[in-house]
Amino acid sequence: MNTRKLSQIAVAMAAGCITPLFLVSTAAAQISEKDVPKNPLKEAYFGEQHVHTGVSMDAFIAGNRLTPDDAYRFAQGEEIMVNGSMHKIKRPLDFVAVTDHSEFMGEAFSLMNKGAPGYDNKVAVAFREAPDLETALQLYGKYVLAPLAGGGDPHPEFFQGIEAIKSTWKKNFEATEKNYKPGKFTTIHAYEWTSAPGGSNQHRNVFFRDTNVPDMPFSSNDGADPEMLWAWMQTQRDEGKKVFAIPHNSNESKGLLFAEASLTGVPINKEYAKTRASMEPLIEMMQVKGNSEVVPNFWPNDEFADFENATSIQKFNGRGYVKENFVRYGLGRGIKYNSELGINPFKYGFVGGTDSHNGTPSNVEEDNYTVGSHGYADRNAEVRSKSMLEGEMLIADSNPGSLTAVWAESNTRSAIWDSMLAKETYATSGPRMKVRFFAGQGFASKYDSYETMVADGYKKGVPMGGDYKGKKAPQFLVWAMKDPIGPNLDRIQIIKGWYENGEMKDTIYNVAASGKRLKKNGSVTPIDAPINLKTGEFNAKKGDPKLMTVWTDPNWDPKQEAFYYVRVLQLPTARWTLYDELRSGVKYPDDVKREIVERAWASPIWYEAK
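Residues numbered from 1 in each chain as written. Predicted model: local features only at pLDDT ≥ 70, side-chain atom pairs only at ≥ 80, totals over all residues. Heavy atoms only, no water.

(A) Summary view of the overall build of the protein chain. From N to C terminus, the protein chain includes 14 helices and 26 strands. Against the 2.2 N^0.38 benchmark of 25 Å for 610 residues, the protein chain shows a C-alpha radius of gyration of 24 Å, consistent with a compact globule. For the protein chain, the spread of C-alpha atoms along the three principal axes comes to 75 × 55 × 50 Å. Burial statistics for the protein chain: of 610 residues in total, 61% are counted as buried. (Helix = DSSP H or I, 4+ residues; strand = E, 2+ residues; numbered from the N terminus. Rg over C-alpha atoms; globule rule 2.2 N^0.38 Å. Buried < 20%, exposed > 50% of the residue type's maximum accessible area, 1.4 Å probe, protein only.)

Dropping the structure here:
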């Protein structure tokens, strides 16, 4: 950094614009975590683990001026100005992690703080005053996409150096502490590491357990290989910090997220597998840029694979579909690695998020998706019906995103972070349905109460995210309850994956269905519960509000390692595209879906053959 910039930063520090992170007080939380009651049976807390504010420069360029503090207030139910309209979510969230890109945090300091060094630079002014999407996209391509793809200087000329990065990180820290209300609303210190070598999505969100965080985040400018990120994370752990990372958008990873070799071309070995398993306990199943579970191309026998696949991402940046992009493949590849190396590097639990660049955590309701998720690109129905998300996909192919649910003893940062680390999590495509999943022995076929069932699950088995270590075929205790404001449930499925004779295999079992529709051969009679295409209303009569069963794998082999995860399907509901047409009079192409089957995915339970 040159002398002039150092001098400017010194002046800014003296004026109070930049403050070293170690001077931040953490006294904002008035109630201590230890004073919050704990529920040993745990509760499902719903939240957002992937959202961007104006601090992310790509979001800023697209018109977002909201701060992390604004995002946290929005998450708690406050109405906020978003894309020119006042907007709020239907129900407050329980927790949020704001995950702004680390790569341009220094630029955000100059862009968003009047009087800061670099604020009046002509490029910074151009960013702030971009009048339309076309102008914003030109700036986005030059100063965001190209640097992220390794196409030049990662920082524009108004960048003020590491002190500016630290200052922005400090402001995010302060907002996170200010809004933390143990027992009521939890905030988590986090950010996104955004590496995209050759357009391959290698992004990770990084989460800290408490206020012991570094004075600045590690970005892909510092190291674009995940192994470099993990090395930095290990350094943080060595210094006493508690941190893990969550990969997302495997559907855009060009086959590299679950690859056979590291980004440097070295075949995956035991040390790599061990490190990755330690650093990354979870994976994002779904967000606005698509569902990463499966696609019909490679899982033609999965009748529910055709769900928010965002197929148009194949038209951009050479991101054609390959089977290696999808979570179910990754889980199977992990089983194979475990048999070969003794370590499973892809032993992932599930979370969901939005990746919203509007600063609007978990704005996921289909009938409330009026302001989009990416600023100018999809801010209203007219724009959404005609436009694309630059370098990504057609807007009509996107979705509002998904939710993370965490089973934790309390709504506190430590409890939620610990349960995430333990993988006692599930993702939903938006609804707030509840799902429990245990594997063990001795479960009852019926229980006199929910509490008795859950207590038995913990006493006699392991929950989602755990390892079954019994010698007999495991019993799987599965329970699901509908979203209070959504339709009833259709069915519960268990997806099994295993490694046999050098091949990765998987299959789907229907284990429970509403209305006694589950047949002895495992098939389910289809349910006829269409939505009302003139109003968007769902069928409120069919289906069941709760489903519960105890199921044993009829093909269990004690010598065969396997994973099992739960997928819960609700009755059909209207997609956001139908609501756009009904409310705004726009018209989407005929091949765009107007109806969807929302769902939840519970983290797997693994069986390792002895």
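(B) Quick peek at the domain arrangement of the protein chain. Taken as a whole, the protein chain is organised into domain 1 (36-400 + 414-430) and domain 2 (434-609). Taking only C-alpha atoms, the centre of domain 1 and the centre of domain 2 are 26 Å apart. Summing the contributions of domain 1 and of domain 2, the shared interface buries around 4,600 Å²; its carbon and sulfur component is 57%. Our count for the contact surface shared by domain 1 and domain 2 stands at 12 salt bridges. Taking the shortest distance from any N to any O, the salt bridge between Glu43 and Lys434 comes out at 2.9 Å. Where domain 1 touches domain 2, the interface holds 30 residue pairs in polar contact (both at pLDDT 80 or more). Mapped by element, the contributors of at least two residues to the side of domain 1 that touches domain 2 are β1 (43-48), β9 (282-287), α10 (327-341), β11 (349-352), α11 (381-384) and β15 (425-428). Here the side of domain 1 that touches domain 2 gets 10 residues from one element, more than from any other, and that element is α10. Looking at side-chain class alone, the side of domain 1 that touches domain 2 contains 22 nonpolar, 14 polar and 21 charged residues. (Domains from an automatic or database assignment. Buried area = accessible area lost by both parts, 1.4 Å probe. Salt bridge = Lys/Arg side-chain N within 4 Å of Asp/Glu carboxyl O. Polar contact = N/O pair within 3.5 Å; in protein donor to acceptor, adjacent residues only side chain to side chain. Nonpolar A, V, L, I, M, F, W, Y, C, P; charged D, E, K, R; others polar.)

(C) Helix α7 (residues 162-178), seen in detail. Taking 1.5 Å as the rise per residue, α7 with 17 residues should run 24 Å; its terminal C-alpha atoms sit 24 Å apart, in good agreement. The buried fraction of α7 is high, at 12 of 17 residues. Along α7, the positions that sit buried rather than exposed are Ala164, Ile165, Lys166, Ser167, Thr168, Trp169, Lys170, Asn172, Phe173, Ala175, Thr176 and Glu177. Looking at the packing, one finds that the buried side of α7 touches α3 (68-75), α4 (105-112), β5 (186-188), β6 (190-193), β7 (204-208) and α12 (413-421). (Expected span 1.5 Å × (residues − 1). Contact = heavy atoms within 4.5 Å.)

(D) Region of the structure containing the packing of aromatic side chains. Tallying each qualifying case throughout the model produces 31 aromatic pairs. Ring centres of Phe350 and Tyr565 lie 5.3 Å apart, and the angle between their planes is 85 degrees; on these two criteria the pair is classed as edge-to-face. With Phe350 in strand β11 and Tyr565 in strand β23 (residues 562-570), this residue pair connects regions lying 215 residues apart in the sequence. The same class applies to Phe350 and to Tyr565, which are both buried. Ring geometry for Phe476 against Tyr564: centres 4.6 Å apart, planes inclined by 45 degrees, an arrangement best described as tilted. On the criterion of sequence distance, the pair formed by Phe476 in strand β19 (residues 475-481) and Tyr564 in strand β23 is long-range, its members being 88 residues apart. For Phe476, a relative accessible area of 1% translates into the label buried. (Phe/Tyr/Trp six-rings, centres within 6.5 Å; stacked < 30°, edge-to-face > 60°.)

(E) Structural view of unusual backbone geometry. Of note, the phi angle at Asp355 is positive, near 65 degrees, even though the residue is not glycine. For Asp355, a relative accessible area of 3% puts it in the buried group. Located in the positive-phi region is Lys516, a residue other than glycine, with phi close to 55 degrees. For Lys516, the position within the fold is in the loop between β21 (503-513) and β22 (546-552).

(F) Quick peek at the pairing of β15. On β15, burial covers both faces: Thr425 and Ala427 on one face and Tyr426 and Thr428 on the other are all buried. The pairing of strand β14 (residues 403-408) with β15 spans 4 bridges and is antiparallel. Considered in β15, the bridge of Ala405 is made with Tyr426. (Pairing = 2+ DSSP bridges.)

(G) Highlighting the nonpolar core. Grouped together as the largest cluster of nonpolar side chains are 63 residues, with contacts concentrated most on Tyr191, Val206, Phe208, Leu229, Met233, Phe350 and Trp601. With 5 residues, the top contributor of residues to this core is α10. Mapping this core onto the domain boundaries places at least three of its residues in each of domain 1 (36-400 + 414-430) and domain 2 (434-609). Core analysis: the next-biggest nonpolar cluster, separate from the first, contains 49 residues, Val51, Phe185, Val371 and Tyr468 among them. (Core = buried A, V, L, I, M, F, W, Y, C linked by side-chain atoms within 4.5 Å.)

(H) Region of interest: the sheet that holds β7. Spatial strand order, β6-β7-β8: 3 strands in an open sheet with antiparallel pairing. Each edge of the open sheet is held by one strand with a lone partner, namely β6 and β8 (243-247). Averaged over all adjacent pairs, the angle separating strand axes in this sheet is 25 degrees, with direction ignored. Of the pairings in the sheet, the one linking β7 to β8 comprises 5 bridges and is antiparallel in character. When the sheet's bridge partners are listed, Phe208 is paired in β8 with Val243. (Axes fitted to C-alpha atoms, helices over the stretch in contact; angles between N-to-C directions.)

(I) Here's a closer look at the pattern of salt bridges. Tallied over the full model, the rule gives 44 salt bridges. Arg319 is paired through a salt bridge with Glu252; the nearest N and O atoms lie 3.7 Å apart. Of the two residues, Arg319 is situated in the loop between β10 (290-291) and α10 and Glu252 in the loop between β8 and α9 (270-279); the sequence distance between them amounts to 67 residues. Residue Arg319 shares its accessibility class with Glu252, and that shared class is buried. With a closest N to O distance of 2.7 Å, Asp553 and Lys496 form a salt bridge. Highlighted residues: Asp553 in the loop between β22 and β23 and Lys496 in strand β20 (residues 489-500), separated in sequence by 57 residues. Like Lys496, Asp553 is buried. Through salt bridges with shared partners, one network takes in Asp69, Asp70, Arg73, Glu78 and Lys178.

(J) Structural view of the sheet that holds β11. Taken in spatial order, the 3 strands of this open sheet run β10-β9-β11, and their pairing is mixed. Each edge of the sheet is formed by a strand with only one pairing partner; in this case those strands are β10 and β11. The sheet contact formed by β9 and β11 spans 4 bridges and is parallel. Its bridge partner lying in β11, Glu284 is registered against Val351.

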